[in-house]
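Notes for the structure review
Letter by letter, the chains look like this.
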Protein chains: 2
Amino acid sequence: MNPTHDDVSDAPFLKACRGEAPPFVPVWLMRQAGRYQAEYRAIRERVSFLELCRTPDLAAEVTVFAVRQLGVDAGIIFADILLLLEPMGAPIAFNKEGDGPQILKPVRDAAGIDALVADVDVGATLGYVLEAIRKVRAELPKVPLIGFAGAPFTLASYLIEGGGSKNYVLTKTLLYKDPGAFRALMEKLARATVRYLNAQVEAGAQAVQLFDSWAGALGPEDYREHVLPHMKAIVAGVRPGVPVVSFGTGTGAYLGEVAACGAPVIGVDWRVDLGEAARQMPASVVAVQGNLDPVTLFGPVAEIKRRARALVDQMRGRPGYIFNLGHGILPHTPVDHVRALVDEVHEYSAR
Amino acid sequence: MNPTHDDVSDAPFLKACRGEAPPFVPVWLMRQAGRYQAEYRAIRERVSFLELCRTPDLAAEVTVFAVRQLGVDAGIIFADILLLLEPMGAPIAFNKEGDGPQILKPVRDAAGIDALVADVDVGATLGYVLEAIRKVRAELPKVPLIGFAGAPFTLASYLIEGGGSKNYVLTKTLLYKDPGAFRALMEKLARATVRYLNAQVEAGAQAVQLFDSWAGALGPEDYREHVLPHMKAIVAGVRPGVPVVSFGTGTGAYLGEVAACGAPVIGVDWRVDLGEAARQMPASVVAVQGNLDPVTLFGPVAEIKRRARALVDQMRGRPGYIFNLGHGILPHTPVDHVRALVDEVHEYSAR
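Let me sum up the structure you'll find in this document. (Residues numbered from 1 in each chain as written. Chains lettered and ligands numbered in written order. Predicted model: local features only at pLDDT ≥ 70, side-chain atom pairs only at ≥ 80, totals over all residues. Heavy atoms only, no water.)

Counting residues at the interface gives 32 residues for chain A and 32 residues for chain B. Both faces considered, chain A and chain B share a buried interface measuring about 2,500 Å² in area, 55% of it formed by carbon and sulfur atoms. Of the charged contacts, one joins B:Lys172 and A:Asp293 as a salt bridge, the two residues approaching to 2.6 Å between their closest N and O atoms. Along the contact surface separating chain A from chain B lie 10 residue pairs in polar contact (both at pLDDT 80 or more). Counting residues per element, the ones that place at least two in the side of chain A that touches chain B are helix 10 (169–177), helix 12 (220–237) and helix 15 (301–315) of chain A. Residue contributions to the side of chain A that touches chain B peak at 6 residues, all from helix 10 of chain A. Looking at side-chain class alone, the side of chain A that touches chain B contains 15 nonpolar, 8 polar and 9 charged residues. (Contact = heavy atoms within 4.5 Å. Buried area = accessible area lost by both parts, 1.4 Å probe. Salt bridge = Lys/Arg side-chain N within 4 Å of Asp/Glu carboxyl O. Polar contact = N/O pair within 3.5 Å; in protein donor to acceptor, adjacent residues only side chain to side chain. Helix = DSSP H or I, 4+ residues; strand = E, 2+ residues; numbered from the N terminus. Nonpolar A, V, L, I, M, F, W, Y, C, P; charged D, E, K, R; others polar.)

Take a look at the structure:
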């Protein structure tokens, strides 16, 4: 859509984050810069995933390109949730495709947790992310830019398991056997995350999102006891006035707990009835973000549009709605389908 | 526990399935016969997973052994949800560990679906399962025996994807692009499943469970439209008076849809608040089954007991409660922890 605002703070995405009524439903898409784009793949022919993250010019380029190619209402800085683990003392590695991340020295006991650095000097160690943010802001001054971080449970699981996991046996076993050590780990991650998010805000990000991809491995009681306090600490620590989006997957059966973190925007995955989720939210939540099944984008365009319209209809009359997928865009997703989705959300919701 | 009943139909598990109050909370555990047991592994040294399934003496032996070793209140016949696909026309294979199943000729279009056999002659093709059931019944006449089948969405996904899947892109794409073909596939699977379950009942199973391990890949609307009608057809097709347990994973955000199939018992995974789930159930549901996180069994015994008691307390005063895990027992689970769990549920709930 052509900008309808002179000042970025009046952009539809930021209005929705404040619960104000924008002229149309703003839309951005998780992993909107990624392998599904030929231009992204061309850059990745030249540099590894981590090099891309660490080269501000390139990270800014793919961030800006996605915004322009898709016509979305917000950018999200190109980075990875695990980058923060390195200055904390846990080096990471990625396979060639940029997935299958590995923690080279997993952290599995109190001694390993003690050795982690919480008071990360973000400027000195993750300055490349901040530099990329500044570049995107200069390039797209009227488009809101989202900073982000991994939520502490997801980061803790990576640290403990050493990589991806099916059952999170090591993570949960630590939680059962040594809840004090687990709490210490979560507190360190939360502290480091607050510093990281505020540095991104300082550099120009106008909103921040927490990604809790793995929180859904826990039941509601474990979430309440072992995750929620740390989510609250992060939300409370982010600079006042900056909207925080809390997004988790697989947590649809206990969204009330998830929303209790105090974040004004809650992102939900596609396994949730969006209207029902919105109705269940506490008063602290001014906007809901989600939740088209990312696989929908492999279907016929007419079906994509039908499903997009159904979501917009479900949320009509609620100012705080941000259209998104229920998870990240998948590799091999047809780009023209993504563009058709964005256009449909804009056109249909503006009526 | 020592039998408290002369007739198997008065067994605590079957009482709970009817919503009657048993003297203690009955317990059985998904995958209670499996790799975590040394005795099971010893048998698997000699035969492959499929050979074990297809040898009635051995399938009966591991089924009975689990009941005796753990002191649980029901057996579940040792078999695999994919066995039914073979007589339907889709040969299967397993890797050495007995997981990572493969469909040798995936079914991805209308022609493939047309070629599938729905009216399976269960006696002629899966007689080994029926024979194993008869053997278990003869060996444990006072212990209820559960028959089972895969739910149609899970079976359809295996058929279409050709094995396990992360995103179910092929399955969902078929559903979007050719909903008629997808429905025909689901109808065939449902018809074959009804025949299979009733043959198990005929052979002596006193209850049957549907496993929908993958239904949680769908959002609530797709579940309602593309899965629920077929679940209803199966529940309606099972011989009257035989309790059907419907268990799914990842469906906690739309349990109302899941419970609408009409099954009297709903099994829930560990991501759900058990008491809240029970309160939400429609009147057709007389019992709820679940839902301890299987990873809990790796924790300290005191913590296992504490969590088991918390579930029993949540369900106190509700007759229809069957204790189970929220998913199958994992490999490497300590057997003595499993026994401690079963004992605790019995002793604590009998007070």
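With that out of the way, let us pick up the packing of helix 4 (residues 56–70) of chain A against helix 8 (residues 127–139) of chain A. Residue and element names in this part refer to chain A. Where helix 4 meets helix 8, the closest approach of the two axes is 8 Å, and the angle between their N-to-C directions is 40°. Compared by their axis directions, helix 4 and helix 8 come out oblique. For helix 4 against helix 8, the interelement crossing comes out right-handed. Residues Pro 56, Asp 57, Ala 59, Ala 60, Thr 63, Val 64 and Arg 68 of helix 4 form the contact with helix 8, whose participating residues are Tyr 128, Glu 131, Ala 132, Lys 135, Val 136 and Glu 139. (Axes fitted to C-alpha atoms, helices over the stretch in contact; angles between N-to-C directions. Parallel < 35°, antiparallel > 145°, perpendicular 65-115°, else oblique. Left-handed = near helix turned anticlockwise from the far one by under 90°.)

Most of helix 9 (residues 152–161) of chain B is tucked away, with 10 of its 10 residues classed as buried. In the segment just after helix 9 of chain B, B:Gly162 is the residue with positive phi, at about 90°. (Buried < 20%, exposed > 50% of the residue type's maximum accessible area, 1.4 Å probe, protein only.)

Residues and elements named next belong to chain A. Pairing is parallel across the open sheet formed by 7 strands, whose spatial order is 1-4-5-6-7-8-9. Strand pairing shows two members of the sheet lacking a second neighbour, strand 1 (75–76) and strand 9 (321–325), which therefore form its edges. As paired elements, strand 4 (residues 145–150) and strand 5 (residues 207–212) share 5 bridges and run parallel to each other. Among the inter-strand pairings, Phe 148 is bridged to a residue of strand 5, identified as Gln 209. (Pairing = 2+ DSSP bridges.)

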